[in-house]
Amino acid sequence: MFSERQKIIIVTILVTIFTVYSISLYLSLPVKGKTVAPAVSKGKTLWQQYNCNACHQVYGLGGYLGPDLTNVFSLKGPAYIKAFLKNGTATMPNFHLKEQEINSLLAYLQNMDATGKADPRTFLISNDGTIKQ
Amino acid sequence: MMELLNSKQVTTPKLFIIAGLLLLVTGMLWGLTGGLQYLVPGFLKQYLSFEKVRPLHVSSVVFWIIFAAMGGALTYLQQHTGRKIYSPLLIRIQFGVFIFSIMVILISYCAGVFGGREYWEFHPLLALPIALAWVLFLVNFIRSIGSFKKQPVYVWMWLTGIVFFLFTFLESYLWIFPYFRNNVVNDMTVQWKSYGSMVGSWNMLIYGSSIYLMDKISNSKTGSHSKIAFILYFTGLFNLMFNWGHHIYTLPTHAYIKHISYAVSMTELFILGRIIFKWGATLATAKKQFHKLSYRFLAAADAWIFLTLLLAIAMSIPAVNVYTHGTHITVAHTMGATIGINSFLLLAIAFDILNDTCQPFEPYKKIFNRGYWLANVSLLIFWISLVSAGIIKAKWQMSEQRIPFSSMMLQLRPYFILFFVSGLLLLMGFILVIYPLVKNQLACYFKKKTKENKQILFYPSAVPGTE
């Protein structure tokens, strides 16, 4: 049996470490000091407004109906992406996007592409179970 | 005292569970619609395209879990303290706000209005009423507990669940500040930090109520005060706080997040070991208690905890995760956890709380049995179909020369068919078990209406006005 005191001490320690962990993460986010072009923020807003994430993944997180789009910009290029955004596909709706909206989404996808590689083939697997890119 | 407060009235906490059950059924219908959209490209594309159907499904079933978890904890808290809740009015407000919010959320999806983020795909403004109602829940809960001294483990778990849900829910909205949102990597790091812990918080609420229920079934309170109960609680809390990094092993975020998560996740092996170690005892209890309907769901959840934990621990190893991430194996894990564990535990709780028979259950026994087994077997097939689809997608992701995405999806088709059919059977199984339960509550409700004054005489155990 734990005494009442021991229980409180254990929980307090855990909560304290969690608080420090959270705050230090907020204060030192993995990517620092980058402001983004207005088109990129606009693109992100559109990405969320149209809920592209329900069908597409970014870094393997999101929906499963369409392909992962993290690096689609460098892999397929803007013209290819534009064709999809303009027409949709059998499954992907045509959102009837305006030219400006398409450009913002392209800017967002380009910005996303520059943050890293999502392709699992680019990882090296170590014996201790960790992975490196 | 437990029996005394198990009133046959339809109280607000019971309404939470009943509303939750309705959300479960409608949510599964949305799930089937989405499943059909995998099979028939363009199905309902014009009016209810997949980006609408997916959030309709996810929000409905997540709210089932949250509604039932709130109803369970509120009912059991009163049974535990032997007193009425601090403020029945606050619960009613909490219920009203939640019902209002989920209705507006579902309508907004149909209208194509999104916040566009997992899991809360609704407009961020709608988070406000939910957060406020949650604060009411917290206040009411704390005031109702009375003394915090010598409380069993489930009271600790309920409080932890309520506090951490509020924290992680608010944290999941940090993205509205450009500082957090501007970079995709920063945004996703904080997003999955909050979601990873949020799931842990509703698990705390549900597991807390399940432990209370086990105490009640075995008619003993020693378990929930024991050392092992608290060790398991601390392990759970530790994981809730620090294991969220396994969602983002492939994201170029801080390496320490991944290392911490990997190490912390391995402490779950202790929980797994304990389940295996206690297997014999579990089976013996199952044999003895299997006639109790609510126990049956506890037994089913036990099996699913084992299977899900096995998969979860494997997926917490980065070297395994790099294969499974982004594939349907992740979905299989989520389904095992939310249906096999969360929903089965909540059904156990629902059967305990709502089964205060206002009409005999005997005629429904057969239906129940069929539903129970149908749900379990079809969930297993459902799970296997997702794991199989995931293995094929994992191979595709890792292959030197990838065939086009659409060709890979065509290869998955047989598994999507199996997925859809087993999903349909799963829904049928759930309806069969839920039907007698809801029907009984309707009977209670109408009895109360017609025999309002005689109620006390007919049911001397009922405490009028219990919330």
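Rules used in this analysis
- Residues numbered from 1 in each chain as written.
- Chains lettered and ligands numbered in written order.
- Predicted model: local features only at pLDDT ≥ 70, side-chain atom pairs only at ≥ 80, totals over all residues.
- Heavy atoms only, no water.
- Domains from an automatic or database assignment.
- Salt bridge = Lys/Arg side-chain N within 4 Å of Asp/Glu carboxyl O.
- Helix = DSSP H or I, 4+ residues; strand = E, 2+ residues; numbered from the N terminus.
- Buried < 20%, exposed > 50% of the residue type's maximum accessible area, 1.4 Å probe, protein only.
- Contact = heavy atoms within 4.5 Å.
- Disulfide = S-S within 2.5 Å.
- Buried area = accessible area lost by both parts, 1.4 Å probe.
- Polar contact = N/O pair within 3.5 Å; in protein donor to acceptor, adjacent residues only side chain to side chain.
- Nonpolar A, V, L, I, M, F, W, Y, C, P; charged D, E, K, R; others polar.
- Expected span 1.5 Å × (residues − 1).

### Some points on the domain arrangement of chain A
Okay, step 1: Per the domain assignment, the segments making up chain A are domain 1 (4-32) and domain 2 (38-124).
Okay, step 2: Each of domain 1 of chain A and domain 2 of chain A was reduced to a C-alpha centroid, and the two centroids are 35 Å apart.

### As for the pattern of salt bridges
Okay, step 1: Using the criterion set out here, one finds eleven salt bridges over all chains in the structure.
Okay, step 2: A salt bridge links B:E171 to B:K193; the nearest nitrogen and oxygen atoms lie 2.8 Å apart. In this pair, B:E171 is assigned in helix 6 (residues 153-171) and B:K193 in helix 8 (residues 184-218), connecting sequence segments 22 residues apart.
Okay, step 3: Residue classification places B:E171 among the buried residues on the basis of a relative accessible area of 3%.
Okay, step 4: Residue B:K193 is classed as buried on the basis of its relative accessible area, which comes to 0%.
Okay, step 5: Between B:K216 and B:D352 there is a salt bridge, and its shortest N-O distance comes to 2.9 Å. Here B:K216, found in helix 8, pairs with B:D352, found in helix 15 (residues 328-354); they are 136 residues apart in sequence, far enough to count as distant.
Okay, step 6: Here the residues in one salt-bridge network are A:K44, B:R117 and B:D187, joined through shared partners.

### Digging into the side chain of B:Q191
All names here are of chain B.
Okay, step 1: The residue Q191 is located in helix 8 in this model.
Okay, step 2: Classification of Q191 by relative accessible area gives buried; the value is 10%.
Okay, step 3: Among residues more than four places away in sequence, those in contact with Q191 are R117 and E118.

### What about the state of the cysteines?
Okay, step 1: Evaluation of the coordinates by the stated rule reveals one disulfide over all chains.
Okay, step 2: Two residues, B:C358 and B:C444, share a disulfide whose sulfurs are 2.0 Å apart. Its torsion about the S-S bond being 95 degrees, the disulfide of B:C358 and B:C444 is classed as right-handed. With B:C358 in the loop between helix 15 and helix 16 (365-398) and B:C444 in helix 17 (residues 405-450), this residue pair connects regions lying 86 residues apart in the sequence.
Okay, step 3: We classify B:C444 as buried; its relative accessible area is 3%.
Okay, step 4: A:C52 forms no disulfide, and the closest cysteine sulfur to it belongs to A:C55, at a distance of 8.5 Å.

### Regarding the interface of chain A and chain B
Okay, step 1: Taken together, the contacts link 63 residues of chain A with 84 residues of chain B.
Okay, step 2: Counting the surface lost from both chain A and chain B, the interface buries some 6300 Å², and carbon and sulfur atoms represent 66% of this.
Okay, step 3: For chain A, the biggest contributors to the area lost against chain B are A:F18, A:Y21 and A:Y64; these three give 13% of the whole.
Okay, step 4: The tally of links from chain A across to chain B stands at two salt bridges.
Okay, step 5: In this structure, A:K44 engages B:D187 in a salt bridge whose closest nitrogen and oxygen atoms are separated by 2.6 Å.
Okay, step 6: Counting the contacts that link chain A with chain B gives 22 residue pairs in polar contact (both at pLDDT 80 or more).
Okay, step 7: When residues in the side of chain A that touches chain B are grouped by element, the largest group, 14 residues, is from helix 1 (residues 4-27) of chain A.
Okay, step 8: Of the residues that constitute the side of chain A that touches chain B, the class distribution is 36 nonpolar, 19 polar and eight charged.

### Quick notes on the domain arrangement of chain B
Residues and elements named next belong to chain B.
Okay, step 1: Considered domain by domain, chain B is made up of domain 1 (9-146) and domain 2 (266-467).
Okay, step 2: Spacing between the C-alpha centres of domain 1 and domain 2 amounts to 18 Å.
Okay, step 3: Tallying the contact residues gives 32 residues for domain 1 and 34 residues for domain 2.
Okay, step 4: Of the roughly 3000 Å² buried at the junction of domain 1 and domain 2 (both faces included), carbon and sulfur atoms supply 75%.
Okay, step 5: Where domain 1 meets domain 2, there are zero salt bridges.
Okay, step 6: Counting every contact that joins domain 1 to domain 2 gives three residue pairs in polar contact (both at pLDDT 80 or more).
Okay, step 7: Looking at the side of domain 1 that touches domain 2, the elements with two or more residues in it are helix 2 (12-39), helix 3 (50-81) and helix 4 (88-110).
Okay, step 8: Per-element tally for the side of domain 1 that touches domain 2: the top contributor is helix 2, with 15 residues.
Okay, step 9: Taken together, the residues that form the side of domain 1 that touches domain 2 break down as 21 nonpolar, eight polar and three charged.

### Observations regarding helix 5 (residues 127-145) of chain B
Residues and elements named next belong to chain B.
Okay, step 1: When the terminal C-alpha atoms of helix 5 are compared, their 27 Å separation across 19 residues agrees well with the 27 Å that a helix rising 1.5 Å per residue should span.
Okay, step 2: Those residues of helix 5 hidden inside the fold are in contact with helix 3, helix 4, helix 6 and helix 8.
Okay, step 3: Residue G146 follows helix 5 closely and has a positive phi angle near 80 degrees.

### Notes on the environment of B:W244
Okay, step 1: Examined against the element boundaries, B:W244 turns out to sit in the loop between helix 9 (227-242) and helix 10 (255-265).
Okay, step 2: B:W244 sits in the buried class, given a relative accessible area of 1%.
Okay, step 3: For the pair formed by B:W244 and B:H123, sequence separation is 121 residues and the distance between their alpha carbons is 24 Å.
Okay, step 4: Residues in contact with B:W244, not counting those within four places in the same chain, are A:Y21, A:L25, B:T189, B:W192, B:K193, B:G196, B:S197, B:I257 and B:S261.
Okay, step 5: There is a polar contact of 3.1 Å between the side chain of B:W244 and the backbone oxygen of B:M241.

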